[in-house]
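Architecture and fold: a report
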Amino acid sequence: MSTDQNSETGARLRERKLRHLYELVDCENNKKVLTEVDRLLKKQPDFPCAKTLKALALIRMGKVVEAREILDLVVSEVPTDDGTIQALSICFKELDDQPTMCKVLEAASKKLPSEELMTHCFMAQVRTNEYTKQQLTALNLYKMYAKPTYFGWAVASLLIKAKNLPPNDSGRALSLTLAERMLSKFLGDLEKDQVEESILLLYLETLSKQKKWEEVLTTLKNYIGYPNPASAWNNDYFYEVYTQALMELGKKNELFNYLQSSYFKNTEEYHLIHRIITLFKDDKQIGPEVNSLLKELLTNFPSHVSALSDLHYANATFNSGDSQSDFISRVRNDLEMACKYGASKPSFYTDIIRFVNSDLLGEEVKQEFMKMIGTSKEYNSIQSIIRDVNYELIERDLFPDPNPKARIARAERLVEKYFRGESVASSLRSGTESDSNLITKEADYHDQFLVIAASSLMAKYDDEINDFQGVLEEMRNGRVELDGVENLKLEDEANQEENEDKNYNLSDQECLLMLSIMLMEFGLKRCPFNHSLRILLIKAYTRIGAIQRACMVSTGLDIKHVQWDSLGYLVIWKVVRGGLYAISRQMLTVAESVYTNYKRDCMEHLISAYKFGSFGKIQEFEEFREQLLNSCQFGLIQVERMLLQIGSTTLSGSGSNSNPALNVSPYRAAKSFDFENEKGGVFWSQREFTDNRDFTLLQYLERESGNRPLENVKKASGETDINQLKIRRALLVLLTEMIVIVEENKEGDGKLARIDEAIKNIRENLDSLSKLKGKREDVPNFDGLWPPPQLQYVEMGCLSLVLELVGVVRQAITEPSSGGGDTGSCLVLMSDKITSFSTGVKGRLQEKLGKLSILMMGGVIEDIHHVVETLSFASILFDVAQKALKNLEDRKAKALASPPSSSSKKKKKGAPDPKTKATSTPPPDLSSLRQAHTSLRDLIIALRGADICSYPPATWNVAKKEWKGVISQKLIESVFSPFWDEVQHGIVDSYGLQLDQFVKAIDNNFKFISKIESGGAGQGH
Amino acid sequence: MTSLKPFTCADLFRFNKVNFDPLTETYGLSFYMTYMARWPDYFKKIENTKSEVVGYIMGKAEGIGENWHGHVTCLTVAEQYRRQGLAAKLMRNLEETSEHKRCYFVDLFVRVTNCKAIRMYESLGYIVYRTVLDYYSGDPDENAFGMNSIMALMRQINNVERKMIFHIFCLPYRYAKGFIKRRS
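Residues numbered from 1 in each chain as written. Chains lettered and ligands numbered in written order. Predicted model: local features only at pLDDT ≥ 70, side-chain atom pairs only at ≥ 80, totals over all residues.

**Focus on the overall build of chain B**
If you tally the helices and strands in chain B, you get 6 helices and 7 strands. Ordered by position from the N terminus, the helices and strands of chain B form the series β-α-α-β-β-β-α-β-α-β-β-α-α. Within chain B, the fraction of its 184 residues that count as buried is 42%. By sequence separation, contacts in chain B at least 24 residues apart represent 60% of the contacts at least 6 residues apart. (Helix = DSSP H or I, 4+ residues; strand = E, 2+ residues; numbered from the N terminus. Buried ≥ 20, exposed ≤ 12 C-beta atoms within 10 Å, placed from the backbone. Contact = placed C-beta atoms within 7 Å.)

Written out as structure tokens, the structure reads:
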């Protein structure tokens, strides 16, 4: 009794002491934790929880080795108490060492097999993907506590183990057989009403994986009453597995009857009719029944849905016996019914376009269809507007007109319709509804006219051929004759301003792009929630290189969390290459955190699925993890963020940066990247990448056609993204490993091998880039996505320069006698390369600047970015080269010196004798590097002062003349006059800001170069 | 023409068209994953004929004893697919799931200014039973109506009885709160 009392008192005392320690740990007062624990351990040396908390404090202080020593000691004692186990679990989580934690829990649950410890052990095994151990732990739990959940865990573990084995592996079949036996025995021991849904799901999954379809049907019949389910669990999975079993067993009649009865219960369910048509359209016996089912639908349930179902059938069965005239008359009737019941629904266009825009329908039927939809002259309700929007969308797709005049005419007609819709919108706005957001959104449905108008005008930029030139001039002349009175005032004003300086003439193509930008800015002011307008406007601004403006528009999309993976591509890469370094850094960091946070938490979600018996989700979660963490966008985001960080280290050397977060030396930055740990580090080339970008948003904005340009763009740009990722990753490896080797003055740990592999990787990918040039024509120019940036990157010679510079430095390190053996020859070689690169770049940029236009600005800005970035890397490599030479000289000096004396041993390794340094190392000549920077700076300054960037290229007073006769007076008054100057200023400001950022980066490089010359760049921090 | 299906993880890459709606929040990944892991039956989507996600509902079952109920966390339909009864379809599905789980009622929160949604919920038999101040954070914060529907009861009674309940319990509350302004 007294012993019990003593132990109880001791436990209370320990708890009280621990509480204080926990508080300190929570506050991250690590030093205090150490002193408190040490004091405690003096009194109670056998206190594993306190020791573990000390280890945790050490981990948080970055003293991992010391922490490991303590942890090893604690683990060897096999602790079982809750406090120690929890503290250990935090420690190993922070060390990212789940396997050791798993072993700790296995040992603890063996020593003291409690339910709590064993469940913790199971979860730890889930985290480490140890399926066999998971299954055994779960079975032990079930044996001891007889809870069905534990049985579910055991079977689910078996199934996931089987799934991860190759199909021919005997272990797979064994696991499935074992799972089936376990489940059938378990179910046999229970009454039917005692069976849990999750267990039944597991049984059906096991049977279907073994292709035991008869057994699947029997189980469904016995437990749920299929084909007429009586059970409460009418789960989607049951429906899926039932239909699959019938199909596999060839029970077509049963399947058809089941699907038919389900469809009659809910004719809105598209997947049912889709399945009926797909499965049975060609079946000799059931095919006619499908036909009569659809006829019955059309007769008894005339609706938009019935018409679409029949259209689906007609499309799928065409050429299979029906005569052309029968087919057309059937389609005509369907179209009529669809229009009658559905043309006023906003989804009409999306639902019907793929049936209508096919080669099966002749021009005549298409024309007839347009008449069926009809277009209104006056709008009296929101429905009439919706119907007309559908009309215009379908007309855009069915009757595309490459003629620029027709496009402008279409755009004007649409804008006219937009203004006509205003009356309905204002009556809706002044209704009794109090919510401004919601009502504005619906009232502004007519702004879809602006979306169609802008997309029609912008579509021209998907083509390479310029058939616009001179067309507008022709229109101006034509319009003056026709609408002479309307334009008289403009003519007068234009005459008055004839003497004004006309700085920049917009070309015909630019005129149309500006027209669409104006329309979209106007539309967004009226309805800021229209995401279609916003996306189109981002495309337009990125097309002309006004990235800062595009960035501002994109904030309205509020891209966040997982959307960075699917939608980030709309803006992120253009921002990164547009000179907006601070925004890029912020964007890339936020986007990367989505993946890293998920990576940290993903196993906890999997554990939740086990915990709550959602066994069907386990496989789905595993697949999702692969899909997200193998995302090519993730890889690019990670690599670009690191490259940006390396490039920005010239700021630290310049000493001009006030942000301490950026004040990091190249060495510190390089050391922070983890290449050796493949699990936690940056991807290497073997990985299979996924493409999760969401292109469906763009589909509505583009014309639907058989060529599927968007799919081509997604495929082609996805491939080039992977290529880009491999090249950029290799570049990152080259730079960081080079910096680390020279700074640490040792070549070990496979660093040189990694450099060689990276060089090989870049060369291989450069070869595949040459093939891209041929592919360039296959994919239309799609703003921001195509052509791939690598082409520019290679064409400017940036990559070759970095490769050459790295080659020289590498030679200086490994073969000093042949490469940079004598002091300075390495730097001379590098200087020559910089000079030739700079000359090439200057010529290329000057050529572009000579014929500069708004449409070229995007390309020019990206060119400048590539060169600025390359010069930053080059500056860092010069610094590296200089340090490498110093190291070499030190080694030479050591070799020449007499056998090491006791005093020289005391000197720090690699630290040169200051006297030797002063006499043998002349200041490096970096004039070529300076010259390259100066030359680029001058070019940027020249560009900054050009008409296009220094002030609005065409103020409204000047521009009026450009637009004379091209667009109507109403458009001029409502859209152009109020928005022109604002938009122009926005574009010019954007150019200015971006170019200023480039100049700032160059100035920082200058300071960094000065530091190299004085021998102090990249030190410290 | 649409299909009702379970929401899967891969749909998180494809739900952007729906989430661009200004009143639809995009949550962190953990939030969605938790709902999928804990209440998979309560997370459903609507797909169009192109298999694009055009609407979804996310909910849960919670509470103890008599308070065991279904809860609608998020219900949204893309602008292009509104006025087709899809929200009602999703709500019915959630109610059926709640009924299978033997919930006593289903509740939800809705912005006090979201008249369209309030009307839709009322047509489905939901009544406003309380106002939660500053429930929605924003600039400024916004109040929410707590609405609920008694599952089995609401399904059994006819429309006349439903209107009576609405007039007895719901309208006075809304007049008192100034939600409905008397028209002259």
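Let's pick the thread back up.
**Side note on the overall build of chain A**
The number of helices and strands found in chain A is 48 helices and 0 strands. Excluding contacts between residues fewer than 6 apart, the proportion of contacts in chain A whose partners are at least 24 apart in sequence is 71%.

**Quick notes on the sheet that holds strand E6 (residues 127-136) of chain B**
All names here are of chain B. In spatial order, the strands read E1-E2-E3-E4-E5-E7-E6; together these 7 strands make up an open sheet with mixed pairing. The open sheet has two edge strands, strand E1 (3-6) and E6, and neither has a second partner. Ignoring which end each strand starts from, the neighbouring axes of this sheet average 25 degrees apart. (Pairing = 2+ DSSP bridges. Axes fitted to C-alpha atoms, helices over the stretch in contact; angles between N-to-C directions.)

**Here's the deal with the confidence of the model for chain A**
Atomic detail in the predicted coordinates should be set aside for any region of low pLDDT. Residue and element names in this part refer to chain A. Averaged over chain A, the pLDDT score is 82; the fraction of residues at 70 or greater is 81%. Within chain A, helix H30 (residues 563-567) carries the highest mean pLDDT (96), whereas helix H26 (residues 488-496) carries the lowest (41). A low-confidence stretch, residues 480-502 (pLDDT under 50), is modelled with 18 contacts involving residues beyond four sequence positions or located in other chains. Contacts of residues 679-683 to residues separated by more than four positions or lying in other chains number 12 contacts, the stretch itself having pLDDT below 50. (pLDDT = per-residue confidence, 0-100.)

**Points about the pairing of strand E2 (residues 43-47) of chain B**
All names here are of chain B. Counting buried residues along E2, 4 of its 5 residues qualify, which places the element largely inside the surrounding structure. As defined by bridge partners, E1 adjoins E2 across 4 bridges and the pair is classed as antiparallel. Within the sheet, the bridge partner assigned to Leu4 lies in E2 and is Ile46. The pairing of E2 with strand E3 (residues 53-62) spans 5 bridges and is classified as antiparallel. Each residue of the ladder has a partner; that of Ile46, found in E3, is Gly55. Counting the residues in the hairpin turn of E2 and E3 gives 5 residues, including Ser51, whose phi is positive at 65 degrees.

**Examining the pairing of E3(B)**
Residues and elements named next belong to chain B. For E3, a buried count of 8 out of 10 residues is recorded, marking the element as mostly surrounded by other parts of the structure. When E3 meets strand E4 (residues 69-77), the two strands line up antiparallel, connected through 8 bridges. For Tyr56, the partnering residue across the bridge sits in E4 and is Thr76. Remark: 6 residues form the turn of the hairpin made by E3 and E4, two consecutive strands paired antiparallel; Gly63 in that turn has positive phi of roughly 105 degrees.

**Topic: helix H2 (residues 30-43) of chain A**
All names here are of chain A. Here H2 is 14 residues long and its end C-alpha atoms lie 20 Å apart, about the 20 Å a rise of 1.5 Å per residue gives. Buried residues of H2: Val33, Val37 and Leu40, and no others. Buried residues along H2 cover an arc of 65 degrees about the axis, so they all sit on one side. Away from the buried face of H2 by more than 90 degrees, exposed residues Lys31, Asp38, Arg39 and Lys42 are located. (Expected span 1.5 Å × (residues − 1). Arc of directions from axis to C-beta.)

**Considering the interface of chain B and chain A**
Opposite the 43 residues of chain B that make contact, chain A presents 47 residues. Among the elements that take part in the side of chain B that touches chain A, helix H2 (residues 29-38) of chain B stands out by supplying 7 residues, more than any other. Residues of the side of chain B that touches chain A, tallied by class, amount to 18 nonpolar, 15 polar and 10 charged. (Nonpolar A, V, L, I, M, F, W, Y, C, P; charged D, E, K, R; others polar.)

**Things to note about the environment of Tyr581(A)**
On the secondary structure map, Tyr581(A) appears in helix H32 (residues 581-611). Residues Tyr581(A) and Met118(A), 463 residues apart in the sequence, show an inter-C-alpha distance of 51 Å.

**A word on unusual backbone geometry**
With an omega dihedral of 10 degrees, the bond running from Tyr226(A) to Pro227(A) counts as a cis peptide bond. The topology assignment puts Pro227(A) in the loop between helix H12 (213-224) and helix H13 (236-248). Although it is not a glycine, Glu28(A) adopts a positive phi angle of roughly 55 degrees. Mapped onto the secondary structure, Glu28(A) falls in the loop between helix H1 (2-26) and H2. For Glu28(A), a count of 11 C-beta atoms within 10 Å puts it in the exposed group. For Arg83(B), which is not glycine, the phi dihedral falls at a positive 65 degrees. Judged by the 15 C-beta atoms lying within 10 Å of it, Arg83(B) is partly exposed.

**Structural notes on helix H17 (residues 304-317) of chain A**
Residues and elements named next belong to chain A. Given a rise of 1.5 Å per residue, 14 residues ought to cover 20 Å, and the 20 Å separating the end C-alpha atoms of H17 matches this to within 8%. Across the 14 residues of H17, 11 count as buried, placing the element largely inside the fold. Residues of H17 that are buried include every one of His304, Val305, Ser306, Ala307, Leu308, Ser309, Asp310, Leu311, His312, Tyr313 and Ala314, and no others. The secondary structure elements touched by the buried residues of H17 are helix H15 (270-280), helix H16 (287-300), helix H18 (324-342) and helix H19 (348-356).

**Let's talk about the nonpolar core**
Residues Val809(A) and Ala881(A) are the most contacted members of the largest nonpolar core, which totals 329 residues. Residues in contact with Ala881(A), not counting those within four places in the same chain, are Val809(A), Ala812(A), Cys826(A), Leu827(A) and Met830(A). (Core = buried A, V, L, I, M, F, W, Y, C linked by C-beta atoms within 7 Å.)

**A closer look at the confidence of the model for chain B**
Residues and elements named next belong to chain B. Confidence along chain B averages 85 in pLDDT terms, with 82% of residues attaining 70 or more. In the predicted structure, residues 179-184 sits below a pLDDT of 50 and forms 4 contacts with residues beyond four places in sequence or in another chain. On the interface metric, ipTM, the complex scores 0.87, and its pTM is 0.88.

**Things to note about the packing of helix H42 (residues 854-896) of chain A against helix H45 (residues 927-945) of chain A**
All names here are of chain A. Relative orientation of the contacting elements H42 and H45 amounts to 160 degrees, with a least axis distance of 11 Å. Judged by the inter-axis angle, H42 sits roughly antiparallel to H45. Remark: the crossing between H42 and H45 carries left-handed chirality. Counted together, Ile864, Val867, Leu871, Ala874, Ser875 and Phe878 of H42 and Leu929, Ala932, His933, Leu936 and Ile940 of H45 form the full contact between these two elements. Residue composition of the contact of H42 with H45, by class: 9 nonpolar, 2 polar and no charged. (Parallel < 35°, antiparallel > 145°, perpendicular 65-115°, else oblique. Left-handed = near helix turned anticlockwise from the far one by under 90°.)

**Description of the environment of Asp832(A)**
Residue and element names in this part refer to chain A. Relative to the helices and strands, Asp832 resides in helix H41 (residues 825-850). Note on Asp832: 13 C-beta atoms within 10 Å, which makes it partly exposed. Between the alpha carbons of Asp832 and Leu929 there is a distance of 9.4 Å; along the sequence they are 97 residues apart.

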